[in-house]
Amino acid sequence: MLRRPIYIDLEGGDLTGKSTLLKTTFKESEYSKIMCFHDRGILTHHVYNTLFDRYQDNHLMWHNELYKFVQNNGIIILVGSVTELVNRYQLRSDDLFKLSNILEVNEAYRRIYRDFLYVFKTVKLIEIDGKTPLQVYEDAEKLYLYMLERGVVHD
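Presented here is an overview of the structure given in this document.

**Let's talk about helix α2 (residues 42-51)**
Step number 1: The element α2 is extensively covered by neighbouring structure, given that 7 of its 10 residues are classed as buried.
Step number 2: Those residues of α2 lying buried are Ile42, Leu43, Thr44, His46, Val47, Tyr48 and Asn49.
Step number 3: On its buried face, α2 sits against β1 (7-12), α3 (59-72), β3 (74-79) and α5 (99-115).
Step number 4: Of the residues flanking the end of α2, it is Asp53, one or two places downstream, whose phi is positive at about 50°.

Printed below as a string of structure tokens:
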């Protein structure tokens, strides 16, 4: 039995495989019946608003909310190399997003992990390059297990 709800946010820029990881998690495990998964969350608000200098008055609020969130909840951050993201972009044939923005956002996720989030055991950065969806899931599962263990009541 869980002591409290556990939320896992799947974060990262476009083309990093967040939706694929969510689908693979649902297919390969029972975690989705125990914990709540989100395709993006607080970290996205923080990264995008800071990177694109939007709503400056809210930057500190999102930073503080992010800090509170990672105290009891998990974040998986998916990032790729420039080569990996360029290859995925060329396959997608979608002109909604500029490649330059996708690469810039990807780097912003790396930066916030490197400068702040790496200290939290509830946050895991996964490099997606050359990995199958199952391999990315197996990397993510390490955090899922950790979060589940933290949330379970032991008799």
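Now that the structure has been shown, we can carry on.
**Points about the sheet that holds β1**
Step number 1: Within the open sheet, the 4 strands sit side by side as β2-β1-β3-β4. Their pairing is parallel. If you trace the sheet from one side to the other, it starts and ends with β2 (36-39) and β4 (123-127), each paired once. This sheet shows a mean twist of 20° between the axes of neighbouring strands, independent of strand direction.
Step number 2: As paired strands, β1 and β3 are joined by 5 bridges and run parallel to one another. Residue pairing in the sheet places Glu11 in a bridge with Ile77 of β3.
Step number 3: Contacting β1, β2 and β3, helix α1 (residues 18-28) runs over the sheet at an angle of about 155° to β2.

**Topic: unusual backbone geometry**
Step number 1: One non-glycine residue, Leu15, lies in positive phi territory at about 75°.
Step number 2: Its location among the elements puts Leu15 in the loop between β1 and α1.
Step number 3: Backbone geometry at Tyr55 places phi at a positive 50°, although glycine is not the residue there.
Step number 4: Checked against the element boundaries, Tyr55 lands in the loop between α2 and α3.
Step number 5: Given a relative accessible area of 58%, Tyr55 falls into the exposed group.

Basis of the calculations
Residues numbered from 1 in each chain as written. Predicted model: local features only at pLDDT ≥ 70, side-chain atom pairs only at ≥ 80, totals over all residues. Heavy atoms only, no water. Buried < 20%, exposed > 50% of the residue type's maximum accessible area, 1.4 Å probe, protein only. Helix = DSSP H or I, 4+ residues; strand = E, 2+ residues; numbered from the N terminus. Contact = heavy atoms within 4.5 Å. Pairing = 2+ DSSP bridges. Axes fitted to C-alpha atoms, helices over the stretch in contact; angles between N-to-C directions.

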